[in-house]
Amino acid sequence: MVIAPAGRWSGLDVRELWNYRGLFFFLVWRDIQIRYAQTVLGAGWAVLQPVLTMLVFTIIFGRFANIPSDGAPYAVFSLAALVPWTYFSTALSGASNSLVSNTNLITKVYFPRLVIPFTPVLAGLVDFAIALVILLLVMFGFGLAVPAASALVLPVVLLVMMLTAAGMGCWLAALNLRYRDVKYVTPFLVQVWMYASPIVYPMSLVPERYRSIYALNPMAGAIEGFRAALLRTSAVSWSTIGISLGIGALLFVSGVYYFRRAERVFADVI
Amino acid sequence: MSNVAVRVEGLGKRYRIGTASRRHDTLRDALVHAVKAPLRNLRELRGLTRFDDQDGEDVFWALRDVSFEVNHGEVLGIIGRNGAGKSTLLKVLSRITEPTAGYAELYGRVGALLEVGTGFHADLTGRQNVYLNGSILGMDRAYIGRKFDEIVEFAGVERHIDTPVKRYSSGMYLRLAFAVAAFLEPEILVVDEVLAVGDAQFQKKCLGKMGEVAREGRTVLFVSHNMAAVENLCQRGVVLSRGRVQFVGTQSEAVRHYLRASAEAVTHSLRDRRDRTGTGAVRIVGVEVRDTRGNPIDVVSAGADVDVYLHFEAEAGFTNPGVIASLQVRTQYDVPVFLQHNRLTGDRFGQLPSSGAFVCRIPRLPLPPSSYRLDCSLIVDGEFLDAVSDAGTVTVIDGDFYGTGEVPPDTHGCCLVPAAWRIEPA
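What comes next is a walk through the structure. (Residues numbered from 1 in each chain as written. Chains lettered and ligands numbered in written order. Predicted model: local features only at pLDDT ≥ 70, side-chain atom pairs only at ≥ 80, totals over all residues.)

**Regarding the nonpolar core**
And then number 1: Counting residues in hydrophobic clusters, the biggest one holds 152 residues, and the most contacted among them are A80 and A165 of chain A together with V190, L221 and F222 of chain B.
And then number 2: Ranked by residues supplied to this core, first place goes to helix α7 (residues 150-178) of chain A with 16 residues.
And then number 3: Once residues lying within four places of it in the same chain are set aside, the contact partners of L221 of chain B are V6, V70, L76, I78, L93, V190 and V191 of chain B. (Core = buried A, V, L, I, M, F, W, Y, C linked by C-beta atoms within 7 Å. Buried ≥ 20, exposed ≤ 12 C-beta atoms within 10 Å, placed from the backbone. Helix = DSSP H or I, 4+ residues; strand = E, 2+ residues; numbered from the N terminus. Contact = placed C-beta atoms within 7 Å.)

**Details of the packing of helix α2 (residues 21-35) of chain A against helix α6 (residues 115-141) of chain A**
Residues and elements named next belong to chain A.
And then number 1: Running from N to C, α2 and α6 point in directions that differ by 55 degrees, and their axes come no closer than 8 Å. Accordingly, the angle class assigned to the pair α2 and α6 is oblique. Handedness of the α2/α6 crossing: right-handed. In this structure, α2 uses L23, F24, L27, V28, D31 and I32 to contact α6, whose residues at the interface are V115, T119, P120, L122, A123 and V126.
And then number 2: Among the residues making up the contact of α2 with α6, the classes are represented as 10 nonpolar, 1 polar and 1 charged. (Axes fitted to C-alpha atoms, helices over the stretch in contact; angles between N-to-C directions. Parallel < 35°, antiparallel > 145°, perpendicular 65-115°, else oblique. Left-handed = near helix turned anticlockwise from the far one by under 90°. Nonpolar A, V, L, I, M, F, W, Y, C, P; charged D, E, K, R; others polar.)

**A closer look at the interface of chain B and chain A**
And then number 1: With 36 residues of chain B at the interface, the matching set in chain A holds 27 residues.
And then number 2: Breaking the side of chain B that touches chain A down by element, the ones donating at least two residues are α2 (86-93), β4 (101-106), β5 (110-113) and α3 (126-136) of chain B.
And then number 3: Bridge count between strand β1 (residues 2-3) of chain A and β4 of chain B: 2 bridges; the pairing is antiparallel. Looking across to β4 of chain B, one finds that V2 of chain A is bridged to E105 of chain B. (Pairing = 2+ DSSP bridges.)

**Structural notes on the sheet that holds strand β11 (residues 299-301) of chain B**
Strand pairing within a sheet occurs via backbone hydrogen bonds; the two strands may be parallel or antiparallel.
Residues and elements named next belong to chain B.
And then number 1: Spatially, β11-β17-β16-β13-β14 is the arrangement adopted by the 5 strands of the open sheet, whose pairing is mixed. Whereas interior strands pair on both sides, the edge strands pair on one side only; in this sheet they are β11 and β14 (336-341). Recorded for the sheet is a direction-independent mean angle of 30 degrees between the axes of neighbouring strands.
And then number 2: Sheet topology note: the β11/strand β17 (residues 383-397) ladder contains 3 bridges and is parallel. Bridged to V299 within β17 is T395.

**Focus: the sheet that holds strand β9 (residues 244-250) of chain B**
All names here are of chain B.
And then number 1: Here we have 6 strands laid out as an open sheet, ordered β5-β6-β7-β3-β8-β9, and mixed in their pairing. Looking at strand neighbours, the two that pair on one side only are β5 and β9, the edges of this open sheet. Adjacent strand axes in the sheet meet at a mean angle of 15 degrees, parallel and antiparallel pairs treated alike.
And then number 2: Bridge count between β5 and strand β6 (residues 188-191): 4 bridges; the pairing is parallel. Pairing of V110 across the sheet is with I188, part of β6.
And then number 3: This element, α2, spans β3 (75-79), β6, β7 (219-223) and β8 (236-241) of the sheet and lies at about 145 degrees to β7.

**Quick look at unusual backbone geometry**
Residue and element names in this part refer to chain B.
And then number 1: Although it is not a glycine, R364 sits at a positive phi angle of roughly 45 degrees.
And then number 2: Tracing the backbone through its elements, the reader meets R364 in the loop between β15 (355-362) and β16 (370-380).
And then number 3: Phi at D381 takes a positive value of approximately 50 degrees, unusual for a residue other than glycine.
And then number 4: The topology assignment puts D381 in the loop between β16 and β17.
And then number 5: Looking at D381, the number of C-beta atoms within 10 Å reads 9, which means it is exposed.

**Regarding the pairing of β4 of chain B**
And then number 1: In terms of strand pairing, strand β1 (residues 4-16) of chain B meets β4 of chain B through 5 bridges, oriented antiparallel. When the sheet's bridge partners are listed, V8 of chain B is paired in β4 of chain B with A104 of chain B.

**Points about α2 of chain A**
And then number 1: Spanning 15 residues, α2 of chain A covers 21 Å between terminal C-alpha atoms, matching the ideal 21 Å at 1.5 Å per step.
And then number 2: On its buried side, α2 of chain A packs onto α6 of chain A together with α3 of chain B. (Expected span 1.5 Å × (residues − 1).)

**Considerations on the environment of G138 of chain B**
All names here are of chain B.
And then number 1: With respect to the helices, strands and loops of the structure, G138 is situated in the loop between α3 and α4 (141-155).
And then number 2: Distance from G138 to E185, taken between C-alpha atoms, is 9.4 Å for residues 47 residues apart in sequence.
And then number 3: Excluding residues within four positions of it along the chain, G138 makes contact with G111 and P186.

**Remarks on the pairing of strand β13 (residues 324-331) of chain B**
Residue and element names in this part refer to chain B.
And then number 1: By the bridge criterion, 8 bridges tie β13 to β16 in an arrangement that is antiparallel. Bridging from a neighbouring strand, T331 pairs with Y372 of β16.
And then number 2: Of the strand pairs in this sheet, β13 and β14 are connected by 5 bridges, and their pairing is antiparallel. Bridging across to β14, Q328 finds its partner in L339.
And then number 3: Counting the residues that bridge the hairpin from β13 to β14 gives 4 residues, and of these D334 lies at a positive phi of roughly 75 degrees.

**Remarks on the packing of α7 of chain A against helix α10 (residues 218-231) of chain A**
Residue and element names in this part refer to chain A.
And then number 1: One can describe the packing of α7 onto α10 by two numbers: an axis separation of 9 Å at closest approach and a directional angle of 160 degrees. One finds that α7 runs roughly antiparallel with respect to α10. Pair α7 / α10 crosses with left-handed handedness. From α7, S150, V153, L154, V157, V160, M161 and T164 reach across to α10, where they touch P218, M219, G221, A222, G225, F226, A229 and L230.
And then number 2: Partitioning the contact of α7 with α10 into residue classes produces 11 nonpolar, 4 polar and no charged.

**What about helix α5 (residues 170-182) of chain B?**
All names here are of chain B.
And then number 1: In this model, α5 (13 residues) spans 18 Å end to end at C-alpha, consistent with the 18 Å of a helix rising 1.5 Å per residue.
And then number 2: Most of α5 is tucked away: 10 of the 13 residues are buried.
And then number 3: Along α5, the residues classified as buried are Y173, L174, R175, L176, A177, F178, A179, V180, A181 and A182.

And the structure:
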């Protein structure tokens, strides 16, 4: 092995990541273990967070503001968006803070740094799965059947969310290490992003001529697709999901690229 | 295949150090600054790792032109003062940070141990942390599983292994953290001063384990301030000074070189000190502590025989034979512990050479472990020739003053008294 100043382009070194899969696994596992450590409800929080938000949204946006929900009960309508959104926002904030909160690892051991922002993206899947089960139960309670076609859409939507969260996570994490301003930007970004995605309102509320710009937000296609597949509130728009997938992939590739370029000096600028 | 395990060639690491920030004396200045600050901050933060202008005054080479080789199965000690670049070298070799210049070739699997307990999480149990820390250090799960019982036994925490480590005592925590590291088995091991932790007994255990690793024929790069440990464990040594290699050779040569260099540094600074009184006809130019074989030592064991050297230089015309050399030992809190001079002992020096040393032999040093300050003075006919306070320090560590291996701590008094106990029936 040769250690020298790196000059060449370094992208996603899949083989090295694979060699460190054991560490990757343990970090994900640690994230899951400590997420609800010393809480009374434990994993119950994975259920409560989206459900409580659903109640608040149903009262404020469903009742008071009377926002249309494409024919579905507003509670199910918002929950079907909150489940994927909660996953995405948790993964994104986690990834954004991941480097700063793991400085002790970065300055003391070597391993592919990409593992760090990827960890919360994977660890969040457990919560997502739990919340998904709750969503299905709620749907069942409202007497809604789960369409078989959704099994086709869900993996694609999940992929879009993972790519977007990991890509943006890489950007924010690497920037955060050098410019701690990012710490203050991230919560704000997440909040704005939520309102820029069809969560409290249906996509049909967005004027037709802005739709194409709106679809550039990968989470718009992902969440609308997710909801359309499960609740059949509208036809699943594969073209929108396709755009989301493309943007997600673009974010992922650029994020990884930037991260790899920045990682050479991580230990020096902490 | 050659026998080289590590080859370091012209290695350099450059950092940019902070430049002094400006002060603002008026509110107006401060406001203007606050508005301009974001731009300047941005420039500074970006500049941390940019080196367009070659070697300005805020550029600092932590390592420069470092070259050496280590053969397979060799244990190399890396010594040097604080800030000599030892830790930076280890960080480069363990791939935590990239070198700015030069390269290093490592032939074999590298394991780095810059800290014990890296990645330990307070909320996880001992068992979970062993697996997590093991995998962070590069062990695979099956290996940790095989060694698990040994690790726990070595740490001596069997009963608490399923308790979150935040409820551990600091000693238990440390032992468990070191135990995992001790079972790391790479072909090349890079170790920082992880041994400088824990109580004396545990340190001894760790040193023993390190010795075992070294005897197994693995290549080890070992950084430490503990000269005794370095001398025991290593065969070869590298002395670093201000980022450069000052000496490469056998371990004992390296240690001797390092000690001589640090003694010279002390001599040098003492010679230049202005805060002294006296006529200056004879001047103290250096203070050092040596063992009875004449080797300069940084630390002394309580109860060891030591020689305190007061190096002097005398002016050509000085012939008075009645010089009194005096040594005052004080604690860190300025409490005088004892005064010693040659009139007390009845020793006479006679005619002085133009340079040399007054040597005070103290058998069975009666001081508990702590740091002490030394004041020195030279007097002739009731007049100071030279007097320097804080001319040197001496650090005393646990030793065998009483032959029982136990000495009371310095919180219970600042001297050790030889004594014997008996019973007399009434």
